[in-house]
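# A closer look at the structure
The chain contents come next:
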Amino acid sequence: SNFATPFFAEGGNFCMSRYFVRRILATIPLMFIISIFVFMFIHLIPGDPARTIAGLDAEEWQVEAIREEYGLNKPIVTQYVDYMVKLFHGDMGESMKSFTPVSELIAERMPQTLKLVFAGVLWAPILGIFIGVMSAIKQGKIFDHVCMLIAITGLSAPGFWLGLMGIQIFSVQLGWLPSGGLDSWKGFILPSFTMGCGIMAVLARYSRSSMLETLREDYVRTARAKGQKESLVMFSHAFRNSLIQVVTILGLQIGGLLSGSVLTETVFSIPGMGRLLTDSIQFRDYAAVQGLLMLFALQYVLINLVVDLLYGVINPKIRLD
C-alpha cells in the first residue's frame, strides 16, 4: 500500500493535467467560432463608420479615403482574415474614434471595471449561498419564506431599475451615497448592489434546491443514523456535495458580470469597459467593439474552465473520470 498511494496520487495528477490541457485546447476552436460571430455582428450594425468619422458634410472622396485607410472597402472575408492575423500578433487594431490602439483603451478602462466586478463578487455569492443553505435547513419556516421572497424579488427586478431607484433614494433624497463614480468606498455600494443583487438571488434559489436534494440522499440519512451531530451532517456531508451544482451556476453568473457591467457603468457614469463598449457601438468603432467583445468572450470561457477544474477539488471522484 505504501507504493500504491503515491502511484495513484501521481496518476490522479497526470489525469488532471491531461484534462486541463484538453480543456485549454478546446477553447481554441471555440474562440475561433466566437470571433466569426463577433465579426459578423459588428458589420451588421446599421451605419457607415467611414461616414461617421468623416462627418455628414464630408465629400464622397474623403469618405472613400477613410474606407481605404481602414480596409473597409475590402470584401468582408478579407477584412476578417486581416483582423485575425493582427490579433494573433497581439494587435487589436486602432480605434476609429480616438485614433489610439484598442489595447491601450482597454488597459485604461479595465481597472474601473475590475474594481466594480470585484465589489459585486465580494458579497453576492457568499450571501446568496448562505441564504440558500439556511433556507433549506429551515425549510417551511418564516425565514425560508422571507428569503425566497427576497430572491424572487431580486430575480424579477431589472438591474437598471434597481440602480435608478438606489440613486433616487440614497443619493437624491437621503444624500448618503454618491450617484456615480468610484472615487471612494461609498461609490462602490450602489453599483455593486445593482450588479450583485441578481447573482445573490440566483445563487440563493439554486443553493436551496441543491441542498434540499442532497439532504434526501442515502448517505445523509446514514450519517444521521450513526448519531453524528446535525451540524456535522449539514456542513460536512450535505453542504459540500450540494456545492457542485452551485459552483456551476456561480461560474456562469461571474462570467456574465464583466459583460453585464455595460448597464451598471452606464447608469452610474463609471468610465469602464462597459461604458467604452456602448460609446464604441454608437460611434460604429469596429475595432474597439470587436476587441471588447472578444475579451468578454475569452474571460467567460476561462471562468468556465476554472469552474470545471474546481469540480475536482470539491468532488475527488471527478478527478478519476
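Residues numbered from 1 in each chain as written. Predicted model: local features only at pLDDT ≥ 70, side-chain atom pairs only at ≥ 80, totals over all residues. Heavy atoms only, no water.

### Regarding the overall build of the protein
A tally of helices and strands in the protein yields 13 helices and 0 strands. The helix and strand sequence of the protein, counted from the amino end, reads α-α-α-α-α-α-α-α-α-α-α-α-α. When each of the 321 residues of the protein is scored for burial, the buried share is 39%. As displayed, the protein offers around 18,100 Å² of accessible surface, 67% of which is attributable to carbon and sulfur atoms. (Helix = DSSP H or I, 4+ residues; strand = E, 2+ residues; numbered from the N terminus. Buried < 20%, exposed > 50% of the residue type's maximum accessible area, 1.4 Å probe, protein only. Areas by Shrake-Rupley, 256 points an atom, 1.4 Å probe, with all protein chains shown as cover.)

### Considering unusual backbone geometry
It is generally the case that most residues other than glycine have a negative phi and that most peptide bonds are trans. Notably, S269 is not glycine yet its phi reads approximately 55 degrees, a positive angle. Structurally, S269 can be placed in the loop between α10 (230–267) and α11 (273–283).

### With respect to the packing of helix α5 (residues 102–137) against helix α8 (residues 189–215)
For the pair α5 and α8, interaxial distance at closest approach is 6 Å and the crossing angle is 30 degrees. One finds that α5 runs roughly parallel with respect to α8. In terms of crossing hand, the pair formed by α5 and α8 is right-handed. Its residues placed into classes, the contact of α5 with α8 shows 22 nonpolar, 7 polar and 1 charged. (Axes fitted to C-alpha atoms, helices over the stretch in contact; angles between N-to-C directions. Parallel < 35°, antiparallel > 145°, perpendicular 65-115°, else oblique. Left-handed = near helix turned anticlockwise from the far one by under 90°. Nonpolar A, V, L, I, M, F, W, Y, C, P; charged D, E, K, R; others polar.)

### Things to note about the pattern of salt bridges
Where side chains of opposite charge bring their charged atoms close, a pairing between them can arise. Going through the model one piece at a time under the given rule, you end up with 1 salt bridge. Across the pair R208 and D144 runs a salt bridge, and its minimum N-O distance is 2.8 Å. On the criterion of sequence distance, the pair formed by R208 in helix α8 and D144 in helix α6 (residues 142–156) is long-range, its members being 64 residues apart. Each member of the pair, R208 as well as D144, is classed as buried. (Salt bridge = Lys/Arg side-chain N within 4 Å of Asp/Glu carboxyl O.)

### Side note on the packing of aromatic side chains
Here the structure, examined in full by the defined rule, presents 4 aromatic pairs. Between the aromatic rings of F39 and Y80, the centroid separation amounts to 5.4 Å while the plane-to-plane angle is 75 degrees, which identifies the pairing as edge-to-face. A residue pair is termed long-range when its members are at least 10 positions apart, and F39 in helix α1 (residues 4–44) and Y80 in helix α4 (residues 76–88) qualify at 41 residues. For F39, a relative accessible area of 4% gives the class buried. Ring centres of F170 and W176 lie 6.2 Å apart, and the angle between their planes is 40 degrees; on these two criteria the pair is classed as tilted. Residue class for F170 comes out partly exposed when judged on its relative accessible area of 32%. The exposure class of W176 is exposed, given its relative accessible area of 56%. (Phe/Tyr/Trp six-rings, centres within 6.5 Å; stacked < 30°, edge-to-face > 60°.)

### Observations concerning α5
With 36 residues, α5 ought to run about 52 Å at 1.5 Å a step, and its terminal C-alpha atoms sit 50 Å apart, in line with that. Considering bend angle alone, the principal kink of α5 is centred on M110 and spans about 40 degrees; proline P111 follows within four residues of it. (Expected span 1.5 Å × (residues − 1). Bend = angle between axes of the 7 residues up to and from the residue.)

### Focus on the environment of L105
Inspection of the secondary structure assignment puts L105 in helix α5. Using a relative accessible area of 14% as the deciding quantity, one classes L105 as buried. Expressed as a C-alpha distance, the spacing of L105 and S95, which sit 10 residues apart in the sequence, is 8.4 Å.

### Observations regarding a nonpolar patch on the surface
Side chains of F32, I33, I36, F37, M40, I76, V77, V81 and V85 sit close together on the surface and give an oily, nonpolar patch of about 800 Å² of accessible area. Within the residue set of the nonpolar patch, elements represented by two or more residues are α1 and α4. Top contributing element to the nonpolar patch by residue count: α1, with 5 residues. (Patch = residues over 30% accessible without salt bridge, like charges linked within 9 Å, V, L, I, M, F, W, Y side chains within 5 Å.)

### Quick word on the confidence of the model for the protein
Where the model shows low pLDDT, its predicted coordinates should not be examined in detail. Averaged over every residue, the pLDDT of the protein is 77; residues scoring 70 or more account for 86%. Low pLDDT, under 50, characterises residues 1–10; the stretch is placed with 0 contacts to residues that sit more than four places away or in other chains. (pLDDT = per-residue confidence, 0-100. Contact = heavy atoms within 4.5 Å.)

### Observations concerning the side chain of T113
Considering the arrangement of structural elements, one finds T113 in helix α5. For T113, a relative accessible area of 0% translates into the label buried. Here the side chain of T113 touches E265 through a polar contact of 2.7 Å, side chain to side chain. Residues within four places of T113 in sequence aside, it is in contact with L258, S261, E265, G272, M273 and G274. (Polar contact = N/O pair within 3.5 Å; in protein donor to acceptor, adjacent residues only side chain to side chain.)

### Here's the deal with the environment of V267
Examined against the element boundaries, V267 turns out to sit in helix α10. Residue V267 is classed as partly exposed on the basis of its relative accessible area, which comes to 22%. Placed 87 residues apart in sequence, V267 and G180 show a C-alpha to C-alpha distance of 8.0 Å. If sequence neighbours within four positions are ignored, V267 has contacts with F160, G163, L164 and I167.

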